[in-house]
Amino acid sequence: VVDPLDGTTNFVQSLPLVGVSIGVARRVGEAAERRWEVVVGVVVDPFREETVTATLGGGCTLNGSPVRVGVEPLADAVVATGFAPTEASLAPMVRGIAAVGARARTVRMLGSAAIMLAWVACGRLSAYFEADLNAWDSAAGVLLVREAGGLVSDLRGGP
């Protein structure tokens, strides 16, 4: 699952916050239970010369050094989000920003889901949320966060 240029609008506007995201997935389960499982995740930030990688069960690294998610309380959290590209996902995003923004230290919109998830894995950001992401936006980043000790869920709290 590849996103060769995550943060397209940032790139077009010459904002140096874009990434390359690669997630390698395999099929697991039997018949009706078959699903895809990401086993390798890589996010490259070409402007910072950083590569964040993870393998299922193998942890997460930044340029080869192990990283972990942050453990700060919500009141001290720096939370990132992205703008929902559809009318249907705008309302949940506005509700989420209002709910989190009232409790967190700050909320940022930075324009690259892959980079934001990598930064959560590295402990630079406390959390990231966005409605209506595509698999190429999140496949690698979800594995990075999980392998760095973080929790990932949908907007309803499910896996």
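Before reading on, note that the structure itself is shown above.
Residues numbered from 1 in each chain as written. Predicted model: local features only at pLDDT ≥ 70, side-chain atom pairs only at ≥ 80, totals over all residues. Heavy atoms only, no water.

Draft legend 1. View of the sheet that holds strand S4 (residues 50-55). Reading across from one edge, S1-S2-S3-S4-S5-S6 is the order of the 6 strands in this open sheet, with antiparallel pairing throughout. Edge strands, defined here as strands with exactly one partner in the open sheet, are strand S1 (2-6) and strand S6 (65-66). Judged from the 4 bridges that link them, S4 and strand S5 (residues 59-62) form a sheet pairing that is antiparallel. In the strand pairing of S5, Thr55 is matched with Gly59. Contacts from helix H3 (residues 113-121) reach S1, strand S2 (19-28), strand S3 (35-45), S4 and S5, with the element oriented near 90° to S3. Of the strands in this sheet, S1, S2, S3, S4 and S5 are in contact with helix H4 (residues 135-147), which crosses S3 at around 90°. (Pairing = 2+ DSSP bridges. Helix = DSSP H or I, 4+ residues; strand = E, 2+ residues; numbered from the N terminus. Contact = heavy atoms within 4.5 Å. Axes fitted to C-alpha atoms, helices over the stretch in contact; angles between N-to-C directions.)

Draft legend 2. Here's a closer look at the pairing of S4. Alternating residues of S4 divide into Glu50, Val52 and Ala54, all buried, and Thr51, Thr53 and Thr55, none buried. Pairing between S3 and S4: 6 bridges, direction antiparallel. Across the sheet, residue Val42 finds its bridge partner in S4, namely Thr53. Counted between consecutive antiparallel strands, the loop separating S3 from S4 contains 4 residues, among which Glu49 sits at a positive phi close to 55°. Where S4 folds back on S5, the antiparallel hairpin that results is connected by 3 residues, among which Gly57 adopts a positive phi of roughly 80°. (Buried < 20%, exposed > 50% of the residue type's maximum accessible area, 1.4 Å probe, protein only.)

Draft legend 3. Main features of the pattern of salt bridges. Enumeration according to the criterion identifies 3 salt bridges in this entry. One salt bridge connects Arg48 with Glu50, and the closest N-O pair in it is separated by 3.3 Å. Of the residues examined, Arg48 reaches a relative accessible area of 43% and is grouped as partly exposed. Across the pair Arg124 and Glu50 runs a salt bridge whose closest N-O atoms are separated by 2.7 Å. Of this pair, Arg124 sits in the loop between H3 and strand S9 (127-129) while Glu50 sits in strand S4, and the two are 74 residues apart along the sequence. On the basis of relative accessible area, Arg124 is assigned to the partly exposed category, the value being 33%. Its relative accessible area of 11% is what places Glu50 among the buried residues. (Salt bridge = Lys/Arg side-chain N within 4 Å of Asp/Glu carboxyl O.)

Draft legend 4. Highlighting helix H2 (residues 87-101). For H2, spanning 15 residues, the distance from its first C-alpha to its last is 21 Å, which sits close to the expected 21 Å at 1.5 Å a residue. Of the residues making up H2, those classed as buried are Ser89, Met93 and Gly96. Down the axis of H2, the sector holding all buried residues measures 65°, keeping them to one side. Exposed side of H2, more than 90 degrees from the buried face: Glu87, Arg95 and Ala98 are the residues found there. Here the buried face of H2 lies against strand S7 (78-81) and S9. (Expected span 1.5 Å × (residues − 1). Arc of directions from axis to C-beta.)

Draft legend 5. Highlighting the side chain of Ser112. Mapped onto the secondary structure, Ser112 falls in the loop between strand S8 (106-109) and H3. Since its relative accessible area comes to 2%, Ser112 is described here as buried. Setting aside its immediate chain neighbours within four residues, Ser112 contacts Asp6, Gly7, Asn10, Leu17 and Gly19.

Draft legend 6. Representation of the nonpolar core. Formed by 27 residues in total, the largest nonpolar core has its most connected members in Val43, Val52, Cys60, Met116, Leu125, Tyr128 and Leu144. Listing elements by their share of this core, those giving two or more residues are S4, S5, S7, H3 and H4. Those residues in contact with Cys60 that sit more than four places away from it in its chain are Val52, Thr53, Ala54, Ser65, Pro66, Val67, Ala121, Leu144, Glu147 and Ala148. Residues Ala77, Val79, Ala84 and Met93 belong to the second largest nonpolar core, which totals 7 residues. (Core = buried A, V, L, I, M, F, W, Y, C linked by side-chain atoms within 4.5 Å.)

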